[in-house]
Amino acid sequence: MSTLDFPPRMSFLTLENVAIGFGPENQRVNVLEDVNLSVRENEFVAVIGFSGAGKSTLVSLLAGLERPTAGKVTMAGEEVVRPGPRRGVMFQSYSLLPWLSVAGNIELAVKQVFPGKSKAEVKEHVERYIEMVHLTPAKDKKPHELSGGMRQRVSLARTLSMQPEVLLLDEPLSALDALTRAVLQDEILQIWEQEKKTVVLITNDVDEAILMADRIIPLTMGPRATLAEAFPVTLERPRDRRTLTDNPDYQHLKTEITSYLVRLNREARAARGGSIIQMPDVAPRDFTPPSKIRGLKWKNTA
Amino acid sequence: MEFKYKILKGIDISGLNFLSPVVRLATGEEPAKQLREIGRFIVVPIIAFLAFLWLWSVVAPKHKTKAGEVPTPAVVWDATGGIWRFHEYETQKDQAYQLTGGTRLDTLGKAKARMAELDALEARAKEQLAAAEASSKEKFDARVAPSKKAYDDAREASKDARRTRTEALKAEAAQLAGATPEQRETFLNHLRDADAAAEAEKKSLDGLKAAYADAQTVTFPETKDARRTVTVLAEERQFLVKYLDMLGDNSREAKVADAKAKAEEARSAFLNAGPDEDLYKLGSTVLKRQELLATTAASQYAKPWTLPKQIVRSLLCVFSGFLLASFIAIPIGILCGLSPTFMAATTPFVALFKPVSPLVWLPIIMIIVGGFMPDPENHWLIVLLGKVPFLGNYKIDPMFLSSAITVALCSLWATLVNTALGVGSVDKDHMNVARVLRLGFWSRLFKIVIPTALPLIFAGLRISLGVGWMVLVAAEILSTSEGIGKFVNDMYTNGSSQSFAQMFVVVFIVGFIGMALDRIMVVFQRLVSFETAGSTL
Ligand SMILES: Nc1ncnc2c1ncn2[C@@H]1O[C@H](COP(=O)(O)OP(=O)(O)OP(=O)(O)O)[C@@H](O)[C@H]1O
Ligand SMILES: [Mg+2]
């Protein structure tokens, strides 16, 4: 496609001095303020931040679901004024329609985004993405019959099935066990590489960010959060998660990011006026109860 | 096993949860626990119901009314049989009237045989009744005699005592001519004493009279049973007389044959008439007779309304009203849920009209509907509805329409409010999905909004149907439109003890149908709710 003929656009998805707040104007406190971001085409960016900092709000802005109160969001040079299937969002809350089955949820998206597809093509397309997230056995189940992790995978499959140019993934793998998570991380990376997509990944897992992203951008603590200086990840791709932990560059980067985040947290608390209470550096000596108590039978009264 | 879970699921969806321990017990799952559950959810309700029946049968006869004693469960059960027999007989007559040829003659033969049988049966039943009455009369007399004697004796004694007292006082009065005022005062006191004595006697007499009356109230089950048998047989005889008539000389076939013969006769008279006869008159006769033949051939037995038929009509009416209400309430509810402005515009109407009683709506609606149909028989709507296959048999008239509209007006509010609520509660996250996908207005409506609202819409429909059923019976009583309500009204006007019992039958029928309608709606409600929780409703 065009991406083969032209070099990737340098600032494909941008935020320019963006601010956003909620509530009535006179008592509004901005959740995000002075946010600048420029994502290259085909770049993989990870945004990392604390809970409540404004990560989901950032995704809404990028998607066009929320309009900024100041500044501008653009994609490929055009201002983003409303959401659309070019920027596929995977919602943190999964947002599955409870009355539709797994296949039905994905089919709704596929039919809408690819109106030209025949019935058989739609079916084939839906099944491919269900298979990708390993949910074929559950394809006729309703969301309430699925586990949290399974729902998250359905949501991911729905977003991927739209084949958007930009993937906005809001903590897409947070509810999964380590094994499934690893498999899906690889899956996302593969799609990103093969189909030349631009990805903004929201996460609170530093390992995941380092494994996947080209750049890791911390979001400072809210209110009035903003994007901090990015940490470029220069590790060679493909990154092998088994050997990565032994890599000194990886270890260095991880320490750097972690300590940055810890510092952010401390500063934010200090800014709020809370003093930092240092815990005494002691460990409990003995935690075995005396023999008298041990001899008693504990009744569960609950 | 698979099968068992299917049954359990079905039970759960239909809300008949009390059956699930039975199924589980049958498959040997935790028998002790299931028996306990059966005890609680099946045996206890049955015991409670039996206790209720017992209490009813004890208390009811204690209260006397214009229409006799309040009927006991046994009497009500009897009345149910009476209602059913009436229905059966009328249906048979209806069918008999239309029979032709061999079938008719066969049926006629059978009916005649039954009539012969009936003669013997009736004679025997009457004998038994006479015997029972004779034996019970003896018992009755034996039971009543002591209290009667006590009462009669006491009455005689009291009469005598009064006479003696009066004479004594009169004699005293005759000697008062020259008495002092003190002596006269004493006489007055004697008069007072006499009055008091009379009063006391009257009181004790009343007591004896009550005891006598009480002794008379005794009933003898064997006489009662014998009398019932006689009544039932008499009813059957009455029916058979009519039935034989319908199968014989008064059958449609016989009448048609007769009319045909007459038409032929007139025709040949006309064709063969001499020149000096009045051909105009003869010709008109031919036409008249032919017309008569046609109406006879198309005639039907004028079947009276029986309760089962009235029930079906009531159901048709309530469903018509319910459908009308749904067609109005769901779209308006959706608009309300979608647009706050529309909601604001609608709120006052809902608040104002929702509490209005059906008894206010009905007369207004009847007048308005009547205004549209000055000549109801020939109004296009009535004619059209009369041609609808099943509906046509149930006499669709302006009263039916008014009742249905009243039902709709009273029941639509629940659906409207619930629909608005359901539509208004669409998840913002789901809307965001729709926005990202750029779903159009109609797609959003049918793929996101309505599915979200469906459980609440059905909850509203369920309430509406329940309200509609209650409103309908009231509306029928007021409008005397054929149906269950009309039946109650007729029974009330009738005022016999039999019809009093039949009103009790209606209570159970109305209750049962209402319950069935509710259960049906529960099933629908559960089928559309996407997170069917296994709770009892
Ligand atoms: N629609 C809204 N109205 C008012 N406040 C909002 C709204 N959406 C978000 N906020 C506020 O914005 C802040 C950031 O919310 P956001 O959901 O973006 O956090 P987050 O970083 O995604 O947190 P988490 O990691 O827990 O998902 C929160 O303080 C929240 O209260
Ligand atoms: Mg979030």
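A quick note: this is a predicted structure, and the numbers were derived from the prediction, not measured.

1. Structural notes on the coordination of the magnesium ion (ligand 2)
- The coordination sphere of the magnesium ion (ligand 2), as far as protein atoms go, consists of Ser56(A) (OG) and Gln92(A) (OE1), spread over 1.9 to 2.1 Å. Taken together, the positions of Ser56(A) in helix H2 (residues 55-63) and Gln92(A) in the loop between strand S6 (87-90) and helix H3 (102-113) put the pair 36 residues apart, joining distant regions of the chain.

2. A closer look at the site of ligand 1
Residue and element names in this part refer to chain A.
- Near ligand 1 you find Phe22, Val31, Phe50, Ser51, Gly52, Ala53, Gly54, Lys55, Ser56, Thr57, Gln92 and Glu171, and these make up its full shell.
- In the environment of ligand 1, an oxygen atom lies 2.5 Å from a nitrogen or oxygen atom belonging to the side chain of Thr57.
- A distance of 3.2 Å is found between an oxygen atom of ligand 1 and a side-chain nitrogen or oxygen belonging to Glu171.
- Surface burial for ligand 1 is 58%, taken as the share of its 630 Å² of free accessible area covered by protein chains.

3. Observations regarding the sheet that holds strand S9 (residues 215-219) of chain A
Residue and element names in this part refer to chain A.
- The strand order across the open sheet built from 6 strands is S6-S7-S8-S3-S9-S10, with neighbouring strands paired in mixed fashion. What marks the edges here is a single partner per strand, and that holds for S6 and strand S10 (231-232).
- Looking at chain direction, strand S3 (residues 44-49) and strand S8 (residues 198-203) are connected through 5 bridges and run parallel. By the bridge assignment, Phe44 is partnered in S8 with Val199.
- Sheet strands touched by H2: S3, S6, strand S7 (166-170), S8 and S9. Its angle to S7, the strand with the most contacts, is close to 160°.
- Its contacts with the sheet place helix H5 (residues 148-161) against S6 and S7, and it is angled at close to 175° to S6.

4. Examining the domain arrangement of chain B
- On domain assignment, one finds that chain B holds domain 1 (2-62), domain 2 (102-219), domain 3 (230-297) and domain 4 (307-528).
- Each of domain 1 of chain B and domain 3 of chain B has a C-alpha centre, and these two points are 61 Å apart.

5. Some words on the nonpolar core
- Phe44(A), Leu156(A), Leu168(A), Ile210(A) and Ile216(A) are the most contacted members of the largest nonpolar core, which has 151 residues in total.
- Here this core takes 12 residues from helix H16 (residues 441-479) of chain B, the largest share from any one element.
- Residues within four places of Leu156(A) in sequence aside, it is in contact with Met90(A), Val133(A), Leu169(A), Leu173(A), Leu184(A) and Ile188(A).
- Judged by nonpolar contacts, the second largest core, of 20 residues, contains Tyr97(B), Leu233(B), Leu240(B) and Tyr243(B).

6. Description of the confidence of the model for chain A
All names here are of chain A.
- Of all residues in chain A, 87% attain a pLDDT of 70 or more, and the chain-wide mean is 86.
- Averaged over each element, pLDDT in chain A is lowest for helix H1 (residues 2-5) (47) and highest for H3 (95).
- Note on residues 293-302: pLDDT is under 50 here. Beyond four places in sequence and across chains, it has 2 contacts.

7. Points about the state of the cysteines
Residue and element names in this part refer to chain B.
- Per the stated rule, a full pass over the model turns up 0 disulfides over all chains.
- Here Cys317 is not cross-linked by a disulfide; its sulfur's nearest cysteine counterpart is in Cys410, at 12 Å.
- Lacking any disulfide linkage, Cys336 is separated from the closest cysteine sulfur, that of Cys410, by 19 Å.
- The class for Cys336 is buried, based on a relative accessible area of 3%.

8. Digging into the pattern of salt bridges
Residue and element names in this part refer to chain B.
- Counted under the stated rule, the structure contains 43 salt bridges over all chains.
- Ionic pairing is found between Asp152 and Arg155, a salt bridge with its closest N-O pair at 3.6 Å. Here Asp152 and its partner Arg155 are both found in helix H5 (residues 101-174), 3 residues apart, which amounts to about one turn of the helix.
- Of the residues examined, Arg155 reaches a relative accessible area of 35% and is grouped as partly exposed.
- The shortest N-O distance in the salt bridge between Asp397 and Arg313 comes to 3.1 Å. In this pair, Asp397 is assigned in the loop between helix H13 (380-387) and helix H14 (398-424) and Arg313 in helix H10 (residues 307-338), connecting sequence segments 84 residues apart.
- Assessed through its relative accessible area of 16%, Asp397 is described here as buried.

9. Topic: the confidence of the model for chain B
Residues and elements named next belong to chain B.
- Looking at chain B, pLDDT values average 89 and 99% of them are 70 or higher.
- Note on residues 533-537: pLDDT is under 50 here. Beyond four places in sequence and across chains, it has 10 contacts.
- Scoring the predicted complex yields pTM 0.80 and, for the interface, ipTM 0.84.

10. Re the sheet that holds strand S2 (residues 29-39) of chain A
Residues and elements named next belong to chain A.
- One open sheet accounts for 4 strands, arranged S2-S1-S4-S5; its pairing is antiparallel. Taken across any chain shown, the strands that pair with only one partner, and hence form the sheet edges, are S2 and strand S5 (78-79).
- Sheet topology places strand S1 (residues 13-22) next to strand S4 (residues 70-75); 5 bridges connect them, and they run antiparallel. Within S4, the position partnered with Leu13 by the bridge is Met75.
- On top of the sheet, H2 reaches S1, S2 and S4; it is set at about 120° to S1, its chief contact.

11. Some details on the interface of chain A and chain B
- Across the boundary between the two partners, chain A contributes 23 residues, which contact 16 residues of chain B.
- When chain A packs against chain B, the two sides together hide about 1,900 Å² of surface, and 67% of this comes from carbon and sulfur.
- By the criterion of area lost to chain B, the three top residues of chain A are Trp99(A), Leu108(A) and Gln112(A), representing 31% of everything that side buries.
- Remark: the boundary between chain A and chain B carries 1 salt bridge.
- With a shortest N-O distance of 4.0 Å, Lys428(B) and Glu66(A) are connected by a salt bridge.
- Put simply, chain A and chain B have 6 residue pairs in polar contact (both at pLDDT 80 or more) between them.
- Of all the elements in the fold, those that place two or more residues in the side of chain A that touches chain B are S6 and H3 of chain A.
- Top contributing element to the side of chain A that touches chain B by residue count: H3(A), with 4 residues.
- In terms of residue class, the side of chain A that touches chain B is made up of 13 nonpolar, 6 polar and 4 charged.

Calculation rules
Residues numbered from 1 in each chain as written. Chains lettered and ligands numbered in written order. Predicted model: local features only at pLDDT ≥ 70, side-chain atom pairs only at ≥ 80, totals over all residues. Heavy atoms only, no water. Donors = N, O, S within 2.8 Å, 3.2 Å for Na, K, Ca; no water. Helix = DSSP H or I, 4+ residues; strand = E, 2+ residues; numbered from the N terminus. Near = heavy atom within 4 Å. Polar contact = N/O pair within 3.5 Å; in protein donor to acceptor, adjacent residues only side chain to side chain. Areas by Shrake-Rupley, 256 points an atom, 1.4 Å probe, with all protein chains shown as cover. Pairing = 2+ DSSP bridges. Contact = heavy atoms within 4.5 Å. Axes fitted to C-alpha atoms, helices over the stretch in contact; angles between N-to-C directions. Domains from an automatic or database assignment. Core = buried A, V, L, I, M, F, W, Y, C linked by side-chain atoms within 4.5 Å. Buried < 20%, exposed > 50% of the residue type's maximum accessible area, 1.4 Å probe, protein only. pLDDT = per-residue confidence, 0-100. Disulfide = S-S within 2.5 Å. Salt bridge = Lys/Arg side-chain N within 4 Å of Asp/Glu carboxyl O. Buried area = accessible area lost by both parts, 1.4 Å probe. Nonpolar A, V, L, I, M, F, W, Y, C, P; charged D, E, K, R; others polar.

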